[in-house]
Amino acid sequence: MTVPLSPLHAASALGWRGSVIPDVGVLGHRVSAVARLVDEVDRWRRANGWPPEPDPSWFRSWFTPGPRDRSPLPAVELVGLLVAESDTERALTACGTLISLAPCAVMLPDTTLGEPGSPLQVTELDYYGVGVVAETGSGARVIVPPEDRSGEFGPSLYGRWLAEVLYDRIVRGTHLSKVPNADRTRST
């Protein structure tokens, strides 16, 4: 029986530092997000009455004229998104939309990489900038590092709202933990 790859191990293997937030709904997919708290902004927001606002209706009010026509700075930086899949086609579908927000990597069981045709599919993931992290008996190894293509798409209202959701989850303590310092490993 294969044990699923831990998002914490995958994030560590990728060298992503921050809090791992599991089970986040993003653009129709359930993912694990890795986000870093921006301490200075967090302190300022707390001191000035700007708590996390994950409610999308409140968020929309930031962009309509009225008494609350200003938005606070984001208190988190989205480092990356992790998608758990056993099929590279579904992984490509998921990460194909998510790369507009942050680097995206798929967590695959190591057994998936030995299936017929899998090298071509891994090549396709690499072509689109999607990272691949495989589980090993003792952790994770990076097969293909993800690319940060979010700059090609620019900032979005959705991405800004997602930052508020992640900020809320970090403040409430509903994240796995921070990624421990570990050397980045890569296999080809």
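Remember, predicted model here, so these are calculated numbers, not experimental data.

When helices and strands are counted, the protein shows seven helices and six strands. Reading the helices (α) and strands (β) of the protein from amino to carboxyl end gives α-β-β-α-α-β-α-β-α-β-β-α-α. Relative to its 188 residues, the protein shows a buried fraction of 45%. Here the analysis covers contacts within the protein between residues at least 6 apart in sequence; of these, 69% occur between residues at least 24 apart. In the form shown here, the protein has an accessible surface area of approximately 9,800 Å², with 54% of it arising from carbon and sulfur atoms.

Another point: the state of the cysteines. Across all of its chains, the model carries one disulfide by this definition. Two residues share a disulfide in this structure: cysteine 95 and cysteine 104, whose sulfurs sit 2.1 Å from each other. What sets the handedness of the cysteine 95 and cysteine 104 disulfide is the S-S torsion sign, and at about -55° it is left-handed. The pair cysteine 95 / cysteine 104 is uniform in exposure class, with both members buried.

This brings us to the confidence of the model for the protein. Taken residue by residue, the protein gives an average pLDDT of 81. The fraction at 70 or more is 79%. Confidence over residues 182-188 falls short of pLDDT 50; this stretch has 17 contacts with residues more than four positions distant or in other chains.

The strands that make up a sheet are held in pairs by hydrogen bonds between backbone atoms, and each pair lies either parallel or antiparallel. An order of S1-S2-S3-S4-S5-S6 is seen for the six strands of this open sheet, with the pairing classed as mixed. Of all strands in the sheet, those with a lone pairing partner are strand S1 (19-26) and strand S6 (139-144), marking the two edges. This sheet shows a mean twist of 35° between the axes of neighbouring strands, independent of strand direction. Pairing of strand S4 (residues 104-108) with strand S5 (residues 131-136) involves four bridges; the strand directions are parallel. Paired with valine 106 across the strands is valine 132, a residue of S5. Against the sheet, helix H1 (residues 7-14) touches S1, strand S2 (29-37), strand S3 (76-84), S4, S5 and S6, its axis set at about 50° to S6. The strands touched by helix H7 (residues 157-172) within the sheet are S1, S2 and S3, with S1 carrying the most contacts at an inclination of about 130°.

Analysis parameters
Throughout this description, residue numbers start from 1 for each chain and increase along the sequence as written. A pLDDT threshold of at least 70 governs which residues receive local features in this predicted model, and a stricter bar of 80 or more applies before side-chain atom pairs are shown or counted, although totals over entire chains, interfaces and linings include all residues. As a rule here, side-chain values come from all non-hydrogen atoms in the structure, and water together with hydrogens is ignored. Put simply, DSSP H or I for four residues or longer makes a helix, DSSP E for two residues or longer makes a strand, and each gets a number counted from the N terminus. Per-residue accessibility, obtained with a 1.4 Å probe over protein chains only, is compared with the maximum for each type, and a residue is labelled buried under 20%, exposed over 50%, and partly exposed between these values. Contact definition: two residues touch when any of their heavy atoms are within 4.5 Å. Exposure was quantified through the Shrake-Rupley algorithm and a 1.4 Å probe, taking into account, for residues, occlusion by the shown protein chains and nothing else. When the sulfur atoms of two cysteines come within 2.5 Å, that pair is taken as a disulfide. As a per-residue quantity, pLDDT reports the predictor's confidence and falls between 0 and 100. Two strands qualify as a pair provided that DSSP identifies no fewer than 2 bridges between them. Helix axes are fitted only over the stretch in contact, all axes being lines through C-alpha atoms; the angle between N-to-C directions runs from 0 to 180 degrees.

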